[in-house]
Amino acid sequence: MIDFFGENATFSSVSVVSVLKFKSYLSVSYNQKERSIVNHLIVLRALCNRAIREGLMSKNDYPFGLDGVKVKIPPSQKIGLNSEEIELIEDSKIKAFTTQWHARNAFLLSFYFAGARISDVLRIKWTDIVDGRLYYVMGKNKKVGSVKVTEQAQLILDTYKDKRKSGENFVLPDLNKANIDDEVDVYRKIITATKNYNKWLGRLAKSVCIKKKVTCHIARHSFGNISGDKIPVQMLQKLYRHSSIATTINYQQSFINNDTDDALEKVLNG
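Here the residue index of a chain counts from 1 through its sequence in written order. Whole-chain, interface and lining totals are the exception, using all residues; otherwise, since this is a predicted model, local features are given only for residues with pLDDT of at least 70 and side-chain atom pairs are given and counted only at 80 or more. For side-chain calculations, the full set of non-hydrogen atoms in the structure is used, while hydrogens and water are omitted.

(A) Representation of the overall build of the chain in the model. Across its full length, the chain carries twelve helices and three strands. Three labels apply to residues, based on accessible area from a 1.4 Å probe with only protein chains included: buried if under 20% of the type maximum, exposed if over 50%, partly exposed otherwise in between. Across the 270 residues that make up the chain, the buried fraction comes to 38%. Counting contacts in the chain only where the partners sit at least 6 residues apart, residues at least 24 apart contribute 57% of the total. About 16200 Å² of surface is accessible on the chain, with carbon and sulfur atoms providing 52% of the total. Every helix listed is a DSSP run of H or I at least four residues long, and every strand listed is a run of E at least two residues long, numbered separately from the N terminus. By the convention used here, residues are in contact when the closest approach between their heavy atoms is within 4.5 Å. Accessible surface is estimated by sampling points in the Shrake-Rupley manner with a 1.4 Å probe; for residues, cover comes only from the protein chains shown.

(B) Here's a closer look at the sheet that holds strand β2 (residues 133-137). Two strands are counted as paired when DSSP detects at least two bridges linking them. An order of β1-β2-β3 is seen for the three strands of this open sheet, with the pairing classed as antiparallel. A single partner strand is all that each edge strand has here, and the edge strands are β1 (129-130) and β3 (144-148). Bridge analysis of β2 against β3 gives five bridges, and the strand direction is antiparallel. Within β3, the residue paired with Tyr135 across the bridge is Ser146.

(C) Region of the structure containing the packing of helix α5 (residues 99-112) against helix α8 (residues 183-207). In contact at an axis separation of 9 Å, α5 and α8 are set at 90° when each is read in the N-to-C sense. One finds that α5 runs roughly perpendicular with respect to α8. Between α5, through Thr99, Gln100, His102, Ala103, Arg104, Ala106 and Phe107, and α8, the contact on the second element is made entirely by Tyr197, Trp200, Leu201, Arg203 and Leu204. Residue polarity follows a fixed list, in which Ala, Val, Leu, Ile, Met, Phe, Trp, Tyr, Cys and Pro are nonpolar, Asp, Glu, Lys and Arg are charged, and the others, Gly among them, are polar. Classifying every residue of the contact of α5 with α8 gives seven nonpolar, three polar and two charged. Axis angles are defined between N-to-C directions and span 0 to 180 degrees, where every axis is a line fitted to C-alpha atoms and, for a helix, only to the segment in contact. When an angle is under 35 degrees it counts as roughly parallel; over 145 it counts as roughly antiparallel; between 65 and 115 it counts as roughly perpendicular; any other value is oblique.

(D) Structural detail: the nonpolar core. The nonpolar core is taken to be a set of buried Ala, Val, Leu, Ile, Met, Phe, Trp, Tyr and Cys residues, with the residues joined through side-chain atoms within 4.5 Å. Core analysis: the largest hydrophobic core is formed by 49 residues, its most contacted members being Leu81, Phe107 and Phe113. At the level of elements, α4 (83-91), α5, α6 (118-122), β2, α7 (151-162), α8 and α9 (216-227) are the ones that each hand at least two residues to this core. The element that contributes the greatest number of residues to this core is α5, accounting for eight residues. Residues in contact with Phe107, not counting those within four places in the same chain, are Leu81, Ile86, Ile89, Leu201, Val214, Thr215, Cys216, Ile218, Ala219 and Ser222. One finds Val14, Ile37, Val38 and Val71 within the second-largest nonpolar core, a separate group that totals 17 residues.

(E) A look at the environment of Thr194. Mapping Thr194 onto the fold places it in helix α8. When its relative accessible area of 15% is taken as the criterion, Thr194 is described as buried. If we ignore the near neighbours within four places in the chain, the residues touching Thr194 are Ile118, Leu122 and Cys216.

(F) The arrangement of unusual backbone geometry in detail. The phi angle at Asn31 is positive, at roughly 55°, despite the residue not being glycine. Secondary-structure assignment places Asn31 in the loop between α2 (16-30) and α3 (34-53). You can call Asn31 exposed: its relative accessible area is 55%.

Nothing here speaks to function; it is geometry throughout.
What follows is the structure, encoded as structure tokens:
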């Protein structure tokens, strides 16, 4: 970002035109793909939002939003795990309080908390857990969420609670040293933790003979995948806090495929 805008750049140089040129710059000069470019735009957008709050940028000059550059994460094919594969993750033997151990626990907490996003899992504070429920504000859409702390989730929470150090506000360790008042610092630490966790989850999957790609976000898809024949899609939409049911349906793709496969067999082999 500094390479393009310069070390002494001000927010007056950030416009719709310059952001579009920045996208082209990342593509041509660094050969970055669409998803990586979007990550840079998300950071730039966060900086602009903060600049507006602090009076360093006018709302009229905001280069994103309805009248500006649209930041949309490109769709990708994500295949959730099935129940047997989740059990392989649960039963994996990992040395406690290593990065891979934290990664496995973050993945499972995401799954146990009804497919909570990894960014929200990393933000879970001990004070968010009250009377057997997790209360939190979703980072992506700012919707208020509340979900039961199941027995499986409580077992993981207890392992951290027993070793909790004075001054540690977050369940997982990655944000305990973040400047909570600095959204950019929090964002960077979430991105770093997610990348590290994804790396270790990939190694874990290989060690327990799971052939599917396993990342933090796959926990969310796994919950949707396994929920397919257990709860209505409307209930999954409620758990996910999706505004559109069309978005929710993508998470039950495996179940939908089973239905269409059965329908095809009935037509062809009656």
